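Chain residues, written in single-letter form:
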Amino acid sequence: MEFAEHNNNIIIKVPVTAEPLNAATIKQGLQDAGFGRCFLLQNQLENLLVEYQQLQQKVKALTLAERAKVLSYPLAEKRAAQLSFELSDDKMTAWAIITAAWGGNPISANELVKAAQQFGIIFGFNKEQIIQLVQQASRAEPGSRLKIDIAQGRQVKDGKNSWFEPLIPDMVRRRNQPLVESEAKADLRDFGAIPSVAKGQPLMRRHPPTAGEAGVDVTGVITAPTPGVAIEWQLAAGVELSPADADLLLAAQDGLPRAIDNGATVDDVFTVKNVDLASGHIIFKGSVVINGNVISGMKVVAGGNVFVKGVMEGALIEAGGDITVMGSIIGHQLNNPGTAEAEYSTVLKAAGDIHCNIAQYSAFNCQGELQANKYLMHCQVEAERVTAGTPDKLTGKIVGGHYLLGQTLHCGQLGSPSSGVVFVKLNRRLNPLFEQQETIRAQLAPIRVLMDEIKQRIDKQKKLLAGQVDETLKRLEQEFEDQKQLAKTLINEVRELEEQRLQIVPQLHVKVSQQLFSAVEFQFGKEIIRSRREYGPSMVAVQDGHPAINPL
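Residues numbered from 1 in each chain as written. Predicted model: local features only at pLDDT ≥ 70, side-chain atom pairs only at ≥ 80, totals over all residues. Heavy atoms only, no water.

Novice: Is there a simple way to think about the overall build of the protein chain in this case?
Specialist: In terms of helices and strands, the protein chain carries 6 helices and 42 strands. At 41 Å, the protein chain has a C-alpha radius of gyration far larger than the 24 Å of a compact globule built from 552 residues. Summarising its shape, the C-alpha atoms of the protein chain cover approximately 135 × 95 × 65 Å along the three principal directions. Across the protein chain, contacts joining residues at least 24 apart in sequence account for 51% of those joining residues at least 6 apart. Entry remark: accessible area of the protein chain is about 29400 Å², with carbon and sulfur atoms responsible for 50%. (Helix = DSSP H or I, 4+ residues; strand = E, 2+ residues; numbered from the N terminus. Rg over C-alpha atoms; globule rule 2.2 N^0.38 Å. Contact = heavy atoms within 4.5 Å. Areas by Shrake-Rupley, 256 points an atom, 1.4 Å probe, with all protein chains shown as cover.)

Take a look at the structure:
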């Protein structure tokens, strides 16, 4: 058997003898001759074997001499590697597909890039991916198909609006962090000075909007970005713009700085040792600093932040900003104990956040977060978020109480071994949606009844007129159409509210980092789940449309 190459065809020449010849022998011969990776022409192989066997019969019958006949067939072909391309629907990704060569020439990296450019791919080539593909294809089994992304477009980046950078960190939020005097000594009652500023001190810097970055797909089509918008300052009391820099906000007076949307304010600060019978109730438009305690029955109402360095046993603290209590918050239930309608002797209300160490038998209402470093015991809470513990250690405890939350509850331990019931309702943002939906459905009911009545009158009028149209019929049809449009509008409002609900639900969860006890009831919308035993670290969230308790 001899093999020769001619115009990428592999020609076999084999003399006819009495020796048997089969496909395996021929394929092995191809392999030995260095043509094993070429594309085998199966039909030619079969024709060769048939003709060989026919002639072999003549050799065996001695009517044909051995080797008198030499068969020549094109048995295989050298086929070069094949290359094609695909684009994603958005033309932000391009793939190259190489079909490995049958003994022919492989695809080089340069050939791939040139072919891609001819195909229309001109941007975002990934050199490493291209080299990886051609190398793998050169070693791959003949005819195998390899695909890899060789180019990535650049996503458009819209410009950012003006943003405001507080220059005083404590202006945003002041955490309860004791001063450390040395590595071995810390006074847990000393939290340092209350943050304050002097007139003329820089408070906040406005950064200009950015133009954004244009996007380019792999075919070179450019998508222009939407530039950011310049946002104006919101100038509140106690601040002013720098005469030399319109993007710099300064304090116009001494006082307590507080960040607001697109700006800041400097509150007047009222300082008092204790709030007791000697001081009377404190009602102040700015911020209040209490270096001691708030005695039972006393009230503090402030337009800004309230800082209490001691214990809060008073009747009320209400703040237009944040409330921080360094000591304990101690109250007691006045009536309806253990129910959601219970009234408490100590109430704290804040337009911002509330921070404390320990609280028991007290009521809280804040628009932001309630954070207790150690524990909350039998409290009534309405807040966006509740955290029991510190930012670095989520070890705080929550025992008993009612919680109406807008987003999350995080703690170390939830509930107690004595099975004191804890009610956690993550419905603060959902309840208004449900109420609006019920109101709209109540409005829809009489509209549907009216539409049925008008429809009956229209049908009756049509029968009387026997196909004719008069002004009464036109008026009824117009009235029906008006009611129909009103109903559609109300139905769309219900659907929009439902979409809002579906967007809120995935954000709701309860995270317990150490232990979840039994008798804790969780409510997500109208769905309720209750812990029936003790759990380890757990996450409570809506899963497949229903609340579930899963291990962390």
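Don't stop here, the text continues.
Novice: Any chance you could explain the packing of helix α3 (residues 109-119) against helix α4 (residues 127-139) here in plain terms?
Specialist: Packed helices, taken two at a time, are described by the angle between their axes plus the distance between the axes. Taken N-terminus to C-terminus, the directions of α3 and α4 make an angle of 120°; their axes are 9 Å apart at the nearest point. In this structure, α3 meets α4 at a crossing whose hand is right-handed. Across from Ala-109, Leu-112 and Val-113 in α3, the residues of α4 making contact are Ile-130, Leu-133 and Val-134. (Axes fitted to C-alpha atoms, helices over the stretch in contact; angles between N-to-C directions. Left-handed = near helix turned anticlockwise from the far one by under 90°.)

Novice: Even after reading the chapter, I still don't get the environment of Tyr-535, so can you show me in this structure?
Specialist: On the secondary structure map, Tyr-535 appears in the loop between β40 (527-530) and β41 (538-543). Classification of Tyr-535 by relative accessible area gives buried; the value is 16%. Distance in space between the C-alpha atoms of Tyr-535 and Ile-10 is 73 Å, their sequence separation being 525 residues. With residues up to four places along the chain from it excluded, the contact list for Tyr-535 reads Gln-514, Gln-515, Leu-516 and Ile-549. (Buried < 20%, exposed > 50% of the residue type's maximum accessible area, 1.4 Å probe, protein only.)

Novice: Even after reading the chapter, I still don't get the pairing of strand β25 (residues 316-319), so can you show me in this structure?
Specialist: The two faces of the sheet receive side chains in turn, since in a regular strand these alternate between them. Bridge count for strand β23 (residues 299-302) against β25 is 4 bridges, and the pairing is parallel. In the sheet register, Lys-299 faces β25, and the bridge partner there is Leu-316. Sheet topology note: the β25/strand β30 (residues 347-350) ladder contains 4 bridges and is parallel. Bridge pairing links Leu-316 to Val-347 in β30. (Pairing = 2+ DSSP bridges.)

Novice: What am I meant to see in the sheet that holds strand β5 (residues 82-87) here?
Specialist: Neighbouring strands of a sheet are bound in pairs by backbone hydrogen bonds; such pairs are parallel or else antiparallel. One open sheet accounts for 3 strands, arranged β5-β6-β7; its pairing is antiparallel. Two strands close off the open sheet at either side, each with one partner strand: β5 and β7 (145-152). Put simply, the sheet's adjacent strands are angled 25° from each other on average, direction ignored. Both strand β6 (residues 93-99) and β7 contribute to a ladder of 7 bridges, which runs antiparallel. When the sheet's bridge partners are listed, Thr-93 is paired in β7 with Gln-152. The strands touched by α3 are β5, β6 and β7; relative to β5, the strand with the most contacts, the crossing angle is about 45°. Its contacts with the sheet put α4 on β6 and β7, and the angle it makes with β7 is roughly 170°.

Novice: Is there a simple way to think about the environment of Asp-245 in this case?
Specialist: Looking at where Asp-245 falls in the secondary structure, it is placed in strand β17 (residues 245-251). What makes Asp-245 partly exposed here is its relative accessible area of 22%. C-alpha of Asp-245 to C-alpha of Val-134: the two residues are 111 residues apart in sequence and 58 Å apart in space. Looking at Asp-245, its side chain comes within polar contact range of the side chain of Arg-205, at 2.9 Å. (Polar contact = N/O pair within 3.5 Å; in protein donor to acceptor, adjacent residues only side chain to side chain.)

Novice: When you look at the sheet that holds strand β4 (residues 70-77) in this model, what are you seeing that I'm missing?
Specialist: Taken together, 4 strands build an open sheet; the order of strands is β1-β2-β4-β3 and the sheet is antiparallel. The strands lining the two open edges of the sheet, one partner per strand, are β1 (2-6) and β3 (39-40). Here 7 bridges tie strand β2 (residues 9-15) to β4, and the two strands are oriented antiparallel to one another. Bridging across to β4, Ile-10 finds its partner in Ala-76. Sheet strands in contact with helix α2 (residues 42-60) are β2, β3 and β4, and its direction is about 165° off that of β4.

Novice: In this structure, what is going on with the side chain of Thr-93? I would like to understand it.
Specialist: Relative to the elements of secondary structure, Thr-93 occurs in strand β6. In this structure the side chain of Thr-93 is engaged in a polar contact, spanning 3.1 Å, whose partner is the side chain of Gln-152. When near neighbours in sequence (up to four residues on either side) are disregarded, Thr-93 contacts Glu-86, Leu-87, Ser-88, Asp-149, Ala-151, Gln-152 and Val-218.

Novice: What is the right way to look at the nonpolar core in this model?
Specialist: Side chains that are nonpolar tend, in soluble globular proteins, to be buried together. Core analysis: the biggest nonpolar cluster contains 65 residues, and Val-306, Val-386, Tyr-403, Leu-409, Leu-414 and Phe-522 have the highest contact counts within it. Here the element with the most residues in this core is helix α5 (residues 430-465); it accounts for 7 residues. The contacts of Val-386, once residues within four sequence positions are left out, are Leu-370, Leu-376, Val-381, Ile-398, Tyr-403, Leu-405, Thr-408, Leu-409 and His-410. By size, the runner-up hydrophobic cluster in this structure holds 21 residues, among which are Ala-100, Val-134, Ala-137 and Ala-151. (Core = buried A, V, L, I, M, F, W, Y, C linked by side-chain atoms within 4.5 Å.)

Novice: Help me understand the pattern of salt bridges in this model?
Specialist: Between side chains of opposite charge, a pair can form when the charged atoms approach closely. This structure, assessed with the given rule, holds 14 salt bridges. Across the pair Arg-428 and Glu-382 runs a salt bridge whose closest N-O atoms are separated by 3.4 Å. Remark: Glu-382 occurs in strand β34 (residues 380-388) and Arg-428 occurs in the loop between β37 (422-425) and α5; sequence separation between them is 46 residues. For Arg-428, a relative accessible area of 13% corresponds to the buried category. Put simply, Glu-382, Glu-384, Arg-428 and Arg-429 are held in one network by salt bridges that share partners. (Salt bridge = Lys/Arg side-chain N within 4 Å of Asp/Glu carboxyl O.)

Novice: Quick question: what am I supposed to make of the packing of aromatic side chains here?
Specialist: What characterises a pair of aromatic rings is the spacing of the ring centres plus the angle enclosed by the ring planes. This structure, assessed with the given rule, holds 4 aromatic pairs. Taking 5.0 Å as the distance between ring centres and 65° as the angle between the ring planes, the aromatic pair formed by Phe-164 and Trp-233 counts as edge-to-face. Placement of Phe-164 in strand β9 (residues 163-166) and of Trp-233 in the loop between β15 (222-223) and β16 (239-242) is noted, with a sequence separation of 69 residues between them. Of the two residues examined, Phe-164 and Trp-233, each falls in the buried class. With 5.6 Å between their ring centres and 45° between their planes, Phe-270 and Phe-284 make a pair best called tilted. One end of the pair, Phe-270, is in strand β20 (residues 269-272); the other, Phe-284, is in strand β21 (residues 282-284), with 14 residues separating them in the sequence. Given the relative accessible area of 32%, Phe-270 is considered partly exposed. Lying across the ring of Phe-434, Lys-526 places its NZ or CZ 5.3 Å from the centre. Geometry around Tyr-535 places Arg-533 over its ring, the cationic atom sitting 3.9 Å from the centre. (Phe/Tyr/Trp six-rings, centres within 6.5 Å; stacked < 30°, edge-to-face > 60°. Lys NZ or Arg CZ within 6 Å of the ring centre and 35° of its normal.)

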